[in-house]
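# Report on the structure
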Amino acid sequence: MNIVELIDSYCDELAKAEERRHHLGYSQIGHQCERKIWLDFRWATPIKTPGRVWRIFSRGKAEEASIQDMLAYMSYTEQGKSIQNLASQVTCPPNGHLGGTADAIVEIDGVKYVLEIKTHNEKSFNDLTKHGLRKSKYQHYVQLVIYMKELDIEKGLYFAVNKNDDNIYVETVERDDELAERYIRKGKFLSLSEEMPPTIGKDETWFQCRQCDYGKFCYADFREIYFSCRTCEHVKPTPEGKWLCLKHNFEITKKIGDWVKTENHCQDYRINMEFMK
């Protein structure tokens, strides 16, 4: 095995070891496919993130952290203008199964902004600078608008970095509570729905489906299901943000909510056949 294969193998294991998201993130609910949102929240399939893809995600996180560090130390006043980093990693108030964490809250010339940082490849960055956030990256736009509503801040600041040449694009976003509330209602509905939403495509060759992790899953005769409480027919989500096991009559905590097929696996596990429709 060469050094590249060793690195890929190591990153494969790191990807598998990452903890799944327990809530339905505000970063997800602006996605156009409701089935993908529902499957993600239900932990429908095993995590199969290739090492190379894991490194791409990690690089994006590192870029976000470096920008936040820069803003944390960058407090200046020049000719009456000022910028300050007020807080980093600001978690929105609990809202059932929904949740999210803004990258930061900054104050520029006395005005507070919710800051959202994203990294882009060349093609994505060029499209963003040409068409603007709402048209080019609508899912990111919805995420930021929801953060503004939940954190009660009037303005948002979208901070995009081109990973190819380190160019920066910044766009100011105005608060839109009506749109935010519409997507929060959508998220709450999907988090509690017992029915798997329909696909947005006709088959796996559909444009959006070709790019989706569930492209093959949705149109396959045989589906590989991840064995956990969330894919069990005995489990039900509640409006309060909890998961209940109706078979054993108890609340499923994070500690026991990720049971897999091992010798300690719950013997009463039954696949929810909704995943097979």
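The text that follows walks through the structure, step by step, so that each part is easy to find. (Residues numbered from 1 in each chain as written. Predicted model: local features only at pLDDT ≥ 70, side-chain atom pairs only at ≥ 80, totals over all residues. Heavy atoms only, no water.)

Attention now goes to the overall build of the chain. Scanning the chain from terminus to terminus reveals 9 helices and 11 strands. Looking at the chain as a whole, 43% of its 277 residues are labelled buried. Look at the contacts in the chain between residues 6 or more apart in sequence, and 66% of them connect residues 24 or more apart. By element, 50% of the accessible surface of the chain is carried by carbon and sulfur atoms, the whole surface being about 16,000 Å². (Helix = DSSP H or I, 4+ residues; strand = E, 2+ residues; numbered from the N terminus. Buried < 20%, exposed > 50% of the residue type's maximum accessible area, 1.4 Å probe, protein only. Contact = heavy atoms within 4.5 Å. Areas by Shrake-Rupley, 256 points an atom, 1.4 Å probe, with all protein chains shown as cover.)

It is worth spelling out the pattern of salt bridges at this point. Counted according to the given criterion, the structure contains 12 salt bridges. Here Arg-175 and Glu-154 are joined by a salt bridge, their closest N and O atoms 3.0 Å apart. Placement of the pair is Arg-175 in the loop between strand S8 (168-174) and helix H7 (177-192) and Glu-154 in the loop between helix H6 (138-150) and strand S7 (155-162), with a sequence separation of 21 residues. The partly exposed category is assigned to Arg-175, whose relative accessible area is 22%. (Salt bridge = Lys/Arg side-chain N within 4 Å of Asp/Glu carboxyl O.)

This part is about the pairing of strand S5 (residues 101-108). Relative to strand S6 (residues 111-120), S5 runs antiparallel, the two sharing 5 bridges. Residue pairing across strands places Val-106 opposite Tyr-113, the latter belonging to S6. Between S5 and S6, which follow one another and run antiparallel, lie 2 residues, and Asp-109 among them has a positive phi close to 55°. (Pairing = 2+ DSSP bridges.)

Moving on, we come to the environment of Gly-201. In this structure, Gly-201 sits in the loop between H7 and helix H8 (207-210). Judged by relative accessible area, which is 13%, Gly-201 ranks as buried. With 14 residues separating them along the chain, Gly-201 and Gly-215 place their C-alpha atoms 9.4 Å apart. Setting aside chain neighbours within four positions, we find Gly-201 in contact with Trp-206, Cys-209 and Tyr-219.

Turning our attention to the sheet that holds strand S11 (residues 250-251). Judged by pairing direction, the sheet is antiparallel, and its 3 strands sit side by side in the order S9-S10-S11 without closing on themselves. Each edge of the open sheet carries a strand with a single partner, namely strand S9 (235-237) and S11. Summarising the sheet, strand S10 (residues 243-245) and S11 pair through 2 bridges and their orientation is antiparallel. Considered in S11, the bridge of Leu-244 is made with Glu-251.

Describing an aromatic ring pair means giving the distance of the ring centres and the angle of the ring planes. Applying the stated criterion across every chain, the model contains 7 aromatic pairs. A connected cluster of aromatic rings, assembled from ring pairs, spans Tyr-138, Tyr-141 and Tyr-183. Sitting over the ring of Tyr-226, Arg-20 keeps its end group 4.0 Å from the ring centre. Its guanidinium or amino end placed over the ring of Phe-41, Arg-230 lies 5.2 Å from that ring's centre, counting from NZ or CZ. (Phe/Tyr/Trp six-rings, centres within 6.5 Å; stacked < 30°, edge-to-face > 60°. Lys NZ or Arg CZ within 6 Å of the ring centre and 35° of its normal.)

Turning to the nonpolar core, a few remarks are in order. The biggest cluster of nonpolar side chains holds 48 residues, and the ones touching the most others in it are Tyr-26, Leu-39, Val-114, Ile-146, Leu-151 and Val-173. When residues of this core are assigned to their parent elements, the largest contribution, 7 residues, is made by H6. Within the second largest apolar cluster, 9 residues are counted, among which are Ile-67, Val-106, Leu-115 and Ile-117. (Core = buried A, V, L, I, M, F, W, Y, C linked by side-chain atoms within 4.5 Å.)

Relative to each other, helix H2 (residues 34-41) and H7 sit at 55°, their axes nearing to 9 Å. The angle between H2 and H7 falls in the class oblique. As for the relative orientation of H2 and H7, their crossing is right-handed in sense. For the pair formed by H2 and H7, the contact residues are Glu-34, Ile-37, Trp-38 and Phe-41 on the first element and Lys-186, Leu-190 and Ser-191 on the second. Its residues assigned to classes, the contact of H2 with H7 comprises 4 nonpolar, 1 polar and 2 charged. (Axes fitted to C-alpha atoms, helices over the stretch in contact; angles between N-to-C directions. Parallel < 35°, antiparallel > 145°, perpendicular 65-115°, else oblique. Left-handed = near helix turned anticlockwise from the far one by under 90°. Nonpolar A, V, L, I, M, F, W, Y, C, P; charged D, E, K, R; others polar.)

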